[in-house]
Amino acid sequence: MSLYGSFLSDEQFLCSICLDVFSSPSSTPCGHSFCMACISRYWDGCTVCQCPLCKRTFPKRPDLQINRTLREITEQFRHMTGGGEGEEGGGGVETEKKRGGRGDGNIPDYILDELKKKFPRALPKSPETLACETRSLENYPNPQVLASSAPPPSQLCPPSSRIRFTMSGVASSQSIAICGIHSRGITVYCRTDRVGICPDCEGEQHQGHDTASVEDDWMGTRSQTQEMIRERIRKIEEIRASVSELESAVERETAGSVRLFSALVSAIERSQAQLMEVMEMSWRAAEHQADAMIRQLELEVQELRRRESALASLAQSDDPSHRVKTFHLLSTPPPTKDWSGVSVTSDLGSGTIYRSLVALLEKFQEELRNISEKGFPASALEPSPVRAQPRMRRMQEYALNVTLNGDTAHPRLIVTDDKKSVRCGDRHQLLPYHPVRFDRVVCVLGNEVISSGRHYWEVEVGGKTDWDLGVARKSINRKGKIDVTPENGYWFLSLRNKNKYAFRSEPSTDVCLTLRPQKIGVFVDFEKGQVSFYNVDAKIHIYTFSDPFTECIVPFFSPCTNKSGKNEAPLVLTPVNTTK
């Protein structure tokens, strides 16, 4: 073996992953080298490729190639240290001859040049330097670690050859250093003096010292180092797993808290909007009720004042006979209503909303307590379904499948076979007489009789210039001219001339709508005596009639006359979307 090769140690050719001599070495972009198989396995389970030594990360997994120069140096090193043939095609004398060496175990010139570039400190400059370094460092299992604390060269056992180790221990008997004093192999390491000695030196100069077999001490130290490396790698993975779990927990908590507080804010906003809507409806209903009562009281006052004026004129008459006859007519009380028990309702209907809000907050507090104890479940990361607004959702739950009663339809009205659509024709149809059929007003009733509960249906009105929608008493008169007012049992909303909306009261009440509805929703609360109208697409409340129902009611429809084709579009009963 050449003197140059004797100063190359295993550590310079060890893979930092498997801690063995390189096998098919490859280099990462950061300049560190590893076995091709080791670095490939190291990156297989990683989401981000990272150098095991300097921790440099790479945007994408590098495409590694075998470092052929380092592989040739490693193979030559294996041959020099007795490690056997190289991985590809064998080593030995024959290989060296092919590469330009002398075949006697020396390093070929081109290999020597590479060694000088990569390991300048391992190559001595002169035989004198070689002898000095050999005496001071050669006997230590790891010269780089022990050189700083080694005793002076005079205390060392003079070697005549060098010791080498492989992964399985000492390479061969020919590579063991020989004690220059006793001519025995240096196989013992003195931990007390930190020096390699032969068995004779141990008995003569190192009695009572802490000694051990060089092979056992070296293998033990290496095994301990490897175990420490493995423990730290496991701890690194454990810390990374903890960080990953913490990141998942942060995402879960963030998503859950956003959902929780968004749901609370949305619920409060919906409750506030519902409260405003209910109070506005109650106010409008009370206002309408008050207007109706005031109009009726004004008519009675007007009649009473007329009678008072007649009585005053009668008192000034000089004709006794006239006074007697006229007084008899004036003394009969006029038809008036007993107003003693009549008043405008002051109930805003907000109590139900407040109770609902209290229940909602209690549920939220309970959910918050559970979260503080158990945390957010994994389902918090899943998107939550979009809910419909409570007001519309509640009405939709009372959807009524309304159909048209063809027996009540005016002769000009054309009802489809499915009883879901009606339009006005150009002329009367030849229909049999029926006592419930309208013969003058162009309208039709629904088959469904409402005597209790809450009910909701929707009617498509798009494309029409005139229509009437609402409810009517079941017992209304169907023949001749009809006065369609609430007093006569009609509660409905009307459209005239494409943009004039009104409620058929006495007198009629005009309504200004900024959005022209394409579909009208009708909601009936029989017990409360309310009929409400909604713009379905815009989800806007239009108006509410408040008038106690004294008997059964039925849906009421009028497509109005077609006006020579300008209003020929039909009224269509559409299904209620209960999942919207």
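The shown structure was predicted, so the numbers you read here are calculated from the model rather than taken from an experiment. (Residues numbered from 1 in each chain as written. Predicted model: local features only at pLDDT ≥ 70, side-chain atom pairs only at ≥ 80, totals over all residues. Heavy atoms only, no water.)

Caption draft 1: Spatial organisation of the overall build of the protein chain. What the protein chain contains, in helices and strands, is 11 helices and 22 strands. Only carbon and sulfur atoms are counted for the fraction: they give 52% of the accessible area of the protein chain, which is about 33,100 Å². (Helix = DSSP H or I, 4+ residues; strand = E, 2+ residues; numbered from the N terminus. Areas by Shrake-Rupley, 256 points an atom, 1.4 Å probe, with all protein chains shown as cover.)

Caption draft 2: Highlighting the sheet that holds strand 10 (residues 413–415). An order of 10-11-22-13-18-19-20 is seen for the seven strands of this open sheet, with the pairing classed as antiparallel. The open sheet has two free edges, formed respectively by strand 10 and strand 20 (540–546), since each of these has just one partner strand. Taking each pair of neighbouring strands and ignoring which way they run, the sheet shows an average axis angle of 20 degrees. Summarising the sheet, strand 11 (residues 421–424) and strand 22 (residues 571–574) pair through two bridges and their orientation is antiparallel. The partner of V422 across the bridge, within strand 22, is L571. Packed onto the sheet, helix 8 (residues 214–315) meets strand 19 (530–535) and strand 20 and runs at close to 40 degrees relative to strand 20. (Pairing = 2+ DSSP bridges. Axes fitted to C-alpha atoms, helices over the stretch in contact; angles between N-to-C directions. Contact = heavy atoms within 4.5 Å.)

Caption draft 3: Representation of the nonpolar core. With 36 residues, the main nonpolar core has W457, W467, V524, F533 and F557 as its most contacted residues. With 13 residues, the next largest nonpolar core counts C15, F22, C51 and L64 among its residues. (Core = buried A, V, L, I, M, F, W, Y, C linked by side-chain atoms within 4.5 Å. Buried < 20%, exposed > 50% of the residue type's maximum accessible area, 1.4 Å probe, protein only.)

Caption draft 4: Broad picture of the environment of G31. As for its position among the elements, G31 is in the loop between strand 1 (25–27) and strand 2 (33–35). The class for G31 is exposed, based on a relative accessible area of 54%. Expressed as a C-alpha distance, the spacing of G31 and C51, which sit 20 residues apart in the sequence, is 9.6 Å.

Caption draft 5: Focus on the sheet that holds strand 8 (residues 195–197). Taken in spatial order, the three strands of this open sheet run 8-7-9, and their pairing is antiparallel. The sheet is open, and its two edges are formed by strand 8 and strand 9 (211–213), each paired on a single side. Taken pair by pair, the neighbouring strands of this sheet meet at an average axis angle of 30 degrees, ignoring direction. Pairing geometry for strand 7 (residues 188–190) and strand 9, over three bridges, is antiparallel. Residue pairing across strands places Y189 opposite A212, the latter belonging to strand 9. With respect to the sheet, helix 8 is in contact with strand 7 and strand 9, its orientation differing from that of strand 9 by roughly 90 degrees.

Caption draft 6: Fine view of the side chain of H410. Topologically, H410 is positioned in the loop between helix 11 (390–396) and strand 10. Residue classification places H410 among the buried residues on the basis of a relative accessible area of 3%. When near neighbours in sequence (up to four residues on either side) are disregarded, H410 contacts H428, F438, D439, R440, V441, V442 and C443.

Caption draft 7: Main features of the pattern of salt bridges. Per the stated rule, a full pass over the model turns up 13 salt bridges. Its salt-bridge partner being D200, residue R184 comes within 2.9 Å of it at the nearest N-O pair. Of this pair, R184 sits in the loop between strand 6 (169–170) and strand 7 while D200 is found in helix 7 (residues 199–204), placing the two residues 16 residues apart along the sequence. Residue D200 is classed as partly exposed on the basis of its relative accessible area of 26%. Of the charged contacts in the structure, one is a salt bridge between E237 and R240, with a shortest N-O distance of 3.5 Å. Of the two residues, E237 and R240 are both situated in helix 8; the distance of three residues between them amounts to about one turn of the helix. Residue E237 is classed as partly exposed on the basis of its relative accessible area of 40%. Look at R240 and you get partly exposed, because its relative accessible area is 34%. Each of the salt bridges in this network shares a partner with another, and the network as a whole consists of E227, R230 and R234. (Salt bridge = Lys/Arg side-chain N within 4 Å of Asp/Glu carboxyl O.)

Caption draft 8: The arrangement of the pairing of strand 11 in detail. Bridge analysis of strand 10 against strand 11 gives three bridges, and the strand direction is antiparallel. By the bridge assignment, I414 is partnered in strand 11 with R423. Turn length for the strand 10-strand 11 hairpin, with the two strands adjacent in sequence and antiparallel, is five residues, and the turn residue K419 shows positive phi of about 60 degrees.

Caption draft 9: Here's a closer look at helix 10 (residues 351–374). Between the first and last C-alpha of helix 10 there are 35 Å, a value that for 24 residues agrees with the 34 Å anticipated at 1.5 Å per step. Here helix 10 has its buried residues at I353, F364 and I371. Packed against the buried residues of helix 10 are helix 8. Following helix 10 by one or two positions, G375 adopts a phi angle in the positive range, close to 80 degrees. (Expected span 1.5 Å × (residues − 1).)

Caption draft 10: Molecular detail of the pairing of strand 15 (residues 490–496). Of all seven residues in strand 15, six are buried, a share of seventy percent or more. Of the strand pairs in this sheet, strand 15 and strand 16 (residues 500–503) are connected by four bridges, and their pairing is antiparallel. Residue pairing for strand 16: L495 is matched across the bridge by Y501. Here strand 15 folds back onto strand 16, and the loop between the two strands holds three residues, one of which, N497, carries a positive phi near 55 degrees.

Caption draft 11: Examining the packing of aromatic side chains more closely. Using the criterion set out here, one finds 14 aromatic pairs in the structure. Relative to F364, the ring of F261 lies with its centre 6.2 Å away and its plane at 65 degrees, an arrangement referred to as edge-to-face. Note that F261 is positioned in helix 8 and F364 in helix 10, a separation of 103 residues in sequence. You can call F261 partly exposed: its relative accessible area is 44%. Ring geometry for F503 and F545: centres 5.5 Å apart, planes at 85 degrees, overall edge-to-face. Highlighted residues: F503 in strand 16 and F545 in strand 20, separated in sequence by 42 residues. (Phe/Tyr/Trp six-rings, centres within 6.5 Å; stacked < 30°, edge-to-face > 60°.)

Caption draft 12: Quick look at the environment of I186. Mapping I186 onto the fold places it in the loop between strand 6 and strand 7. With a relative accessible area of 3%, I186 lands in the buried category. Sequence separation of I186 and S213 is 27 residues, and the distance between their C-alpha atoms is 9.4 Å.

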